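# Survey of secondary and tertiary structure
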Amino acid sequence: MDAHIKLAYDAIEYYLENKSYLRDFDEKFKKNSNGIRIEVKIKGRLKGISGSIFPTRKNLGLDIVHEAVNAGFFDLKFNPIKKENLKDLEIKVFEYFDVEKLRFIEDFKDYDGIMLSFMEENYYVYRKDFASDIKMLEKALEISNVDSWDNFSIDKFRMKIHK
């Protein structure tokens, strides 16, 4: 099991048992600070998503722990994880780095995706899913329902998906 996935799973299990956040984790997670987004599913069904392309805590480990707990217990669109669900958890950890504002689509280059922010919502679109940068941008604009006069921002990023 990937170390990032194990830490997210351990954080959820620890929170379930102790109602507090896991504080003890591998030192390698304390040396880095990247954006983290956690996706939790149970038997293929989405259970929760939490995180940001930007680092929000002191180190990578704290971001993984807190976002895993948020996805598992505080995403209000879903019921919290129960002890009997632990064995069926499917966790993905999206690790984001090299985040920059995207001013022109021609500046996209070899990045992995974009996040369009509009009205306090974030819309993620990944380059691998599209034939061109323009098609990716068009999809982001479509799903966010943004018009040219709206106030929105777009960030580009590189990422690694831990499964």
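Described below are features of the structure shown in this document. Note that this is a predicted model, so its numbers are computed, not measured.

Taking 1.5 Å per residue as the helical rise, helix 2 (residues 60-74) with its 15 residues ought to reach 21 Å, and the 20 Å between its terminal C-alpha atoms agrees with that figure. Counting buried positions along helix 2 yields 13 of 15 residues, so the element is predominantly enclosed. In this structure Asn59 caps helix 2, since a side-chain oxygen of it lies 3.1 Å from the backbone nitrogen of Gly61.

In the sheet, strand 1 (residues 35-42) pairs with strand 2 (residues 45-52) via seven bridges, with the strands oriented antiparallel. Of the residues in strand 2, the one forming a bridge with Arg37 is Gly51.

The full count for this structure, using the stated rule, is 16 salt bridges. The residue Glu27 makes a salt bridge to Lys30 at a minimum N-O spacing of 3.2 Å. The class of Glu27 is partly exposed, set by a relative accessible area of 49%. In this structure, Asp63 and Arg57 form a salt bridge, with 3.3 Å as the shortest nitrogen-oxygen distance. It is possible to trace a salt-bridge network through shared partners that takes in Lys43, Lys87 and Asp88.

Turning our eyes to something else, we now look at the environment of Asp63. Among the structural elements, Asp63 can be located in helix 2. What makes Asp63 buried here is its relative accessible area of 1%. In the structure, Asp63 is positioned 23 residues away from Val40 in sequence and 15 Å away in space, judged by C-alpha atoms. Sequence-distant contacts of Asp63, that is, excluding residues within four places in its chain, are made with Asn34, Ile36, Pro55, Thr56 and Arg57.

We now examine the pairing of strand 5 (residues 121-126). Bridge count for strand 4 (residues 113-118) against strand 5 is six bridges, and the pairing is antiparallel. Following the sheet pairing, Met115 is matched in strand 5 by Tyr124. The antiparallel pairing of strand 4 with strand 5 creates a hairpin that spans two residues between the two strands, and Met119 there sits at a positive phi of about 50°.

With 26 residues, the main nonpolar core has Ile12, Ile38, Val40, Ile64, Leu89 and Ile91 as its most contacted residues. Within the residue set of this core, elements represented by two or more residues are helix 1 (3-18), strand 1, helix 2 and strand 3 (89-101). Sequence-distant contacts of Leu89, defined by excluding residues within four places in its chain, comprise Tyr9, Ile12, Val40, Lys41, Ile42 and Ile81. Judged by nonpolar contacts, the second largest core, of 13 residues, contains Ile105, Phe108, Ile114 and Leu137.

Glancing now at the packing of helix 1 against helix 2. Packing of helix 1 against helix 2 leaves a shortest axis separation of 8 Å and a crossing angle of 55°. It follows that helix 1 is oblique to helix 2 by the angle criterion. Crossing handedness for the pair helix 1 and helix 2: right-handed. Facing His4, Leu7, Ala8, Ala11, Ile12, Tyr15 and Leu16 of helix 1, the residues of helix 2 in contact are Leu60, Gly61, Ile64, Val65, Ala68, Val69, Phe73 and Phe74. In terms of residue class, the contact of helix 1 with helix 2 is built from 13 nonpolar, two polar and no charged.

Another aspect to go through is the packing of aromatic side chains. Counted according to the given criterion, the structure contains eight aromatic pairs. Its end group placed over the ring of Phe25, Lys30 keeps NZ or CZ at 5.3 Å from the ring centre.

How each quantity is defined
- Here the residue index of a chain counts from 1 through its sequence in written order.
- Only residues with pLDDT of at least 70 are given local features in this predicted model, and only at 80 or more are side-chain atom pairs given and counted; all residues enter the totals for whole chains, interfaces and linings.
- Derived side-chain values reflect all non-hydrogen atoms in the structure, with water molecules and hydrogen atoms excluded from consideration.
- Secondary structure elements are defined from DSSP: runs of H or I of at least 4 residues count as helices, runs of E of at least 2 residues count as strands, and each element is numbered from the N terminus.
- To estimate how far a helix should extend, the number of its residues minus one is multiplied by 1.5 Å.
- To sort residues, take the accessible area from a 1.4 Å probe on protein chains only and compare it with the maximum for the residue type: under 20% means buried, over 50% means exposed, and anything in between is partly exposed.
- Polar contacts, as counted here, are pairs of nitrogen or oxygen atoms within 3.5 Å of one another; within protein the pair requires one atom able to donate a hydrogen and one able to accept it, and residues that are adjacent in sequence qualify only if both atoms are side-chain atoms.
- By the convention used here, strands pair only if DSSP detects at least 2 bridges between them.
- The term salt bridge refers to a pairing of a side-chain nitrogen on Lys or Arg with a carboxyl oxygen on Asp or Glu at a separation within 4 Å.
- We call two residues in contact when some of their heavy atoms are within 4.5 Å.
- The criterion is simple. A nonpolar core is a set of buried Ala, Val, Leu, Ile, Met, Phe, Trp, Tyr and Cys residues joined through side-chain atoms within 4.5 Å.
- Each axis is a line fitted through C-alpha atoms, and for a helix only the stretch in contact is used; angles between axes span 0 to 180 degrees, taken between their N-to-C directions.
- An angle below 35 degrees is read as roughly parallel, one above 145 as roughly antiparallel, one from 65 to 115 as roughly perpendicular, and any other as oblique.
- In this scheme, a crossing is called left-handed if the near helix is turned counterclockwise away from the far one by less than a right angle; it is called right-handed if the turn is clockwise.
- Following the grouping adopted for this structure description, the nonpolar residues are Ala, Val, Leu, Ile, Met, Phe, Trp, Tyr, Cys and Pro, the charged ones are Asp, Glu, Lys and Arg, and the polar ones are all others, Gly among them.
- Working definition: rings of Phe, Tyr and Trp (its six-membered ring) pair if their centres are within 6.5 Å, and the pair is stacked with planes under 30 degrees apart, edge-to-face with planes over 60 apart, and tilted otherwise.
- Each ring is checked for a lysine NZ or an arginine CZ that lies within 6 Å of its centre and within 35 degrees of its normal; such an atom marks a charge sitting over the ring.

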